[in-house]
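# Chains, contacts and geometry: an overview
Take a look at the letters that make up each chain.
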Amino acid sequence: MLTLTLHRPEALNALNTALLGELADILDQSAQDDRIAAVVITGSQRAFAAGADIKEMATLDAVGVLQDPRVGYWKRISQFPKPIIAAVNGFALGGGCELAMHADILIAGHQAQFGQPEINLGIIPGAGGTQRLLRAVGKSTAMQMVLTGEPISAQRAYEAGLISEITQAELTLERAQSIARTIARKAPLAVQQAKDVLLKALDMDLATGLQYERKAFTLLAATQDRNEGIQAFMEKRQPLYKGC
Ligand code: CAA
């Protein structure tokens, strides 16, 4: 398990190009590292991340926005094949909310706030916020958040299905790491296939999704870990997975 802590306290962890690029690089390396089964991303108690760096954004004209390397960084983050767990406290706004939504499991402290305030700057979310938020919380809540720019509480985010658990603020990271450790004990190929198939469910019709699931299920039947999992069950012992 790897824990990544966003640390730009002077800007409430605003995601400037350097920070986002570093995040994409570390995730690329982690994808190749068999010792890392899952990644936890967190920030501080005050802010997970307060969005894209507005001061940096102010320097970009339309051509700069078109050629913005962050588009590629976001794509690489979205393609990370292993589970990402976001441990969110404080502000998760704009790009910060969008980063949290790149996670597969979101855990938040009870004072966390989730929002897409870009409308207050005369723009709209630009890192998947409109698409992922709508899929996570439904049309009405997503519209309200994006059109008013007003954030929602952790409680509201939980009720809407954006996050899966609320914790006391000081326990959020610990809880996220505990979930990551639980996942790390499972067969790595099954974990990655499960993530892939679940994410595809958001984009596919049911028949195609079921077919995709069946193919992944069949593929896993060819793994040693599947034999080990079943054998361990029969022998009433813990499985020893090898990732093959
Ligand atoms: N970019 C750059 N700097 C930021 C920042 C951001 N997104 N958010 C906060 N900061 C900086 C502030 O400028 C301030 O720095 P200085 O002390 O040097 O002035 C410092 O962090 C602390 O912030 P505040 O004094 O504003 O703290 P606060 O507690 O009064 O308010 C806040 C907190 C409500 C989060 C407020 O900072 C805020 O509204 N931030 C901007 C949130 C936002 O609009 N995010 C969306 C950005 S656009 C985007 O993300 C596009 C996209 O989809 C990719």
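Structure: see above.
Since we're looking at a predicted model, the values are computed, not measured. (Residues numbered from 1 in each chain as written. Predicted model: local features only at pLDDT ≥ 70, side-chain atom pairs only at ≥ 80, totals over all residues. Heavy atoms only, no water.)

### Overview of the sheet that holds strand E8 (residues 152-153)
One open sheet holds the 4 strands; their spatial order is E3-E5-E7-E8, and the pairing between them is mixed. Edge positions in the sheet fall to strand E3 (47-49) and E8, since each has one partner strand and no second. Looking at chain direction, strand E7 (residues 113-115) and E8 are connected through 2 bridges and run antiparallel. Residue pairing across strands places glutamine 113 opposite serine 153, the latter belonging to E8. On the sheet, helix H5 (residues 95-102) packs against E3, strand E5 (91-93) and E7 and is oriented at approximately 90° with respect to E5. (Pairing = 2+ DSSP bridges. Helix = DSSP H or I, 4+ residues; strand = E, 2+ residues; numbered from the N terminus. Contact = heavy atoms within 4.5 Å. Axes fitted to C-alpha atoms, helices over the stretch in contact; angles between N-to-C directions.)

### So, the packing of helix H6 (residues 129-137) against helix H7 (residues 139-148)
Remark: H6 packs on H7, axes separated minimally by 7 Å, with the N-to-C direction vectors making an angle of 140°. Between H6 and H7, the interaxial angle falls into the category oblique. For the element pair H6 and H7, the recorded crossing hand is right-handed. Contact residues: H6 offers Leu133, Leu134 and Val137, while H7 offers Lys139, Thr141, Ala142, Met145 and Val146. (Parallel < 35°, antiparallel > 145°, perpendicular 65-115°, else oblique. Left-handed = near helix turned anticlockwise from the far one by under 90°.)

Keep in mind these numbers describe shape, not what the thing actually does.
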